[in-house]
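Inside the fold
Chain by chain, the residues:
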Amino acid sequence: MNDFPIDYAAVFQALPGAALLLTPDLVIADANEALLRRAGRQRRQVIGHHLFDVFPDNPQDPDATGVRNLRASLERVLATGLTDTMALQRYDVELPGRPGEFEERYWSPVNAPVLDADGQVRLIVHRVEEVTEIIRAGAAREDGGVRQRMTAELYARAQELQQLNDRLRQAHARERLVVLALQDAMLPAPRPVGHHRAAVRYRPAVGALNVCGDWYDLAELPGDRMAVAVGDVVGHGLEAACVMGQLRSALSAATLVTAGPARALEVLGTYARSVEGAESATAVEAFIDWTTHTIAYSSAGHPPPALLHPDGRVEFLDGATDPPLGARPEHVDRPEAQVSFADDAVLVLYTDGLIERRREDIDVGLARLAASLTRHRGAGAETLADALLAELLPADGATDDTALVVIRL
């Protein structure tokens, strides 16, 4: 507790119910008076000792699960940084001054993280409300047999709930693995295109299942040319990801057989009208030609790419912007523009999660991006990509998905 201000210690001591403060190694850093009173322990018997040395399972009960369940909950808090509320637990307590003798007790525990400035779990607050008397009071007027059955029934139902929660967590973990595999399949790490390399980044919104509707694509074209695109499907999760996969594949194919980015987006727009969930999807594509030092680009309702010139000036490529994919009921040729670049310039394509904030004009986000690019203009593509995410995404996590491509020209 020495690293925390005095008022933090006071708040901890004032917590309702019994509470322990644990280190990530599950060593007891502090205990409030309610916990010491409930457990019949003195501070010197608790502080600095491992949690399960002080509070072991009842060795006389072969079915005791208190230590196992509590350890699993604490490990979940350490792994996720989230509060974990446990089901009713039977966790017998060794009687003070009577080694080896345990008294049957029932508890309702909650484990909450204390995070540092980097979002890492620094400590865990373990709070428990003892409900032993509540359980016993329900059958206080009945004979011992009825009381015992009622206690056992309530405890059994709590354990069924605990087991169900465990199965749900396991199912969620399996689903997350499937989602990660899907993401890797649809958004693979880019391979070198000719002798050119690009840095890509992908960040789902806070609370998303690590997959979203944002995407990127890079392709090698004949000659010393490259096509690069990013897009954004409305929504999050598996449904948006499936739509994203269809649009990304369609644009990748169209890019290889059309004369430029505008024609490729026209093909994609026609295809998007037949894909449920693709309404209002946006995309931007650029064809980079190192022989002529030019970039041809076209946008379907997407934020403009940023071109960082070697002198630090940032130019937003907004000269060929049209409505989102599938927005028009009939075909209309999309616009296309071209811009020149010098050696060592940087082209950045991104989705709106990088620049947009609620209740803020988009020009503010674009200015923030331009300033960050200028500040890091000498950095390599990988370093620059990391710097942009670190400076532009909210510290508490993005509220929208973000895809980012950085190419040193």
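Look a little higher up for the structure.
Described below are features of the structure shown in this document. Throughout, residues of each chain are indexed from 1 in the direction in which the sequence is written. Predicted model: local features are reported for residues with pLDDT of at least 70 only, side-chain atom pairs are reported and counted for 80 or more only, and whole-chain, interface and lining totals are derived from all residues. With hydrogens and water set aside, each side-chain value is computed from the structure's full complement of heavy atoms.

**Focus on the environment of Ala64**
Worth spelling out the cut-off: Helix and strand labels come from DSSP, where a helix needs a run of H or I of at least four residues and a strand needs a run of E of at least two; each type is numbered from the N terminus. Classification of residues uses two cut-offs on accessible area relative to the type maximum, computed with a 1.4 Å probe and protein chains only: under 20% is buried, over 50% is exposed, and between them is partly exposed.
Mapped onto the elements, Ala64 comes out in the loop between helix 3 (51-54) and helix 4 (66-80). Residue classification places Ala64 among the partly exposed positions, given a relative accessible area of 25%. In this structure the C-alpha to C-alpha distance between Ala64 and Gln89, which are 25 residues apart in sequence, comes to 10.0 Å.

**A look at the environment of Pro394**
Turning to its location among the elements, Pro394 is positioned in the loop between helix 10 (381-392) and strand 19 (402-408). Here Pro394 falls in the partly exposed class, since its relative accessible area comes to 27%. C-alpha of Pro394 to C-alpha of Gly353: the two residues are 41 residues apart in sequence and 9.9 Å apart in space.

**Thoughts on empty space enclosed by the protein**
Stated precisely, the cut-off is as follows: Grid points spaced at 1 Å over the protein atoms alone were grouped into cavities, where a 1.4 Å probe fits but cannot get out, and pockets, open sets with protein on both sides within 12 Å along at least five of seven lines, with lining residues defined by an atom within 4 Å of a point. Grid points are joined across faces, edges and corners, and a volume is the space filled by probe spheres set on the points. Under the scheme applied here, ten amino acids are nonpolar (Ala, Val, Leu, Ile, Met, Phe, Trp, Tyr, Cys and Pro), four are charged (Asp, Glu, Lys and Arg), and all others, including Gly, are polar.
Overall, the coordinates contain 2 cavities of 30 Å³ or more when judged by the stated rule. If you list the elements that add at least two residues to the lining of the largest cavity, you get helix 2 (33-39), helix 4, strand 7 (106-115) and strand 8 (121-130). Per-class residue counts for the lining of the largest cavity are 12 nonpolar, 3 polar and no charged. Its boundaries defined by the atoms lining it, the second largest cavity holds a volume of some 130 Å³. Around the second largest cavity, the lining is made up of 14 residues, and of these Gly269, Arg273, Arg328, Val332 and Arg334 lie nearest the centre. Taken together, the residues of the lining of the second largest cavity break down into 5 nonpolar, 4 polar and 5 charged.

**Thoughts on helix 9 (residues 362-375)**
Spelled out, the test is: To estimate how far a helix should extend, the number of its residues minus one is multiplied by 1.5 Å. Comment: arc refers to directions from the helix axis out to C-beta atoms. Contacts were defined at the residue level, with two residues in contact if any of their heavy atoms lie within 4.5 Å. For this analysis, a polar contact is any N or O atom pair within 3.5 Å, provided that within protein one partner can donate a hydrogen and the other can accept it, and provided that sequence-adjacent residues contribute only side-chain to side-chain pairs.
With 14 residues, helix 9 ought to run about 20 Å at 1.5 Å a step, and its terminal C-alpha atoms sit 20 Å apart, in line with that. The set of residues buried in helix 9 consists of Gly365, Leu366, Leu369, Ala370, Ser372 and Leu373. Viewed along the axis of helix 9, the buried residues span an arc of 165 degrees, placing them on a single side of the element. Exposed residues pointing more than 90 degrees away from the buried face of helix 9 are listed as Asp363 and Arg375. Close packing links the buried residues of helix 9 with strand 14 (306-308), strand 15 (314-316), strand 18 (346-350) and helix 10. N-capping of helix 9 is provided by Asp361, with a side-chain oxygen placed 2.8 Å from the backbone N of Asp363.

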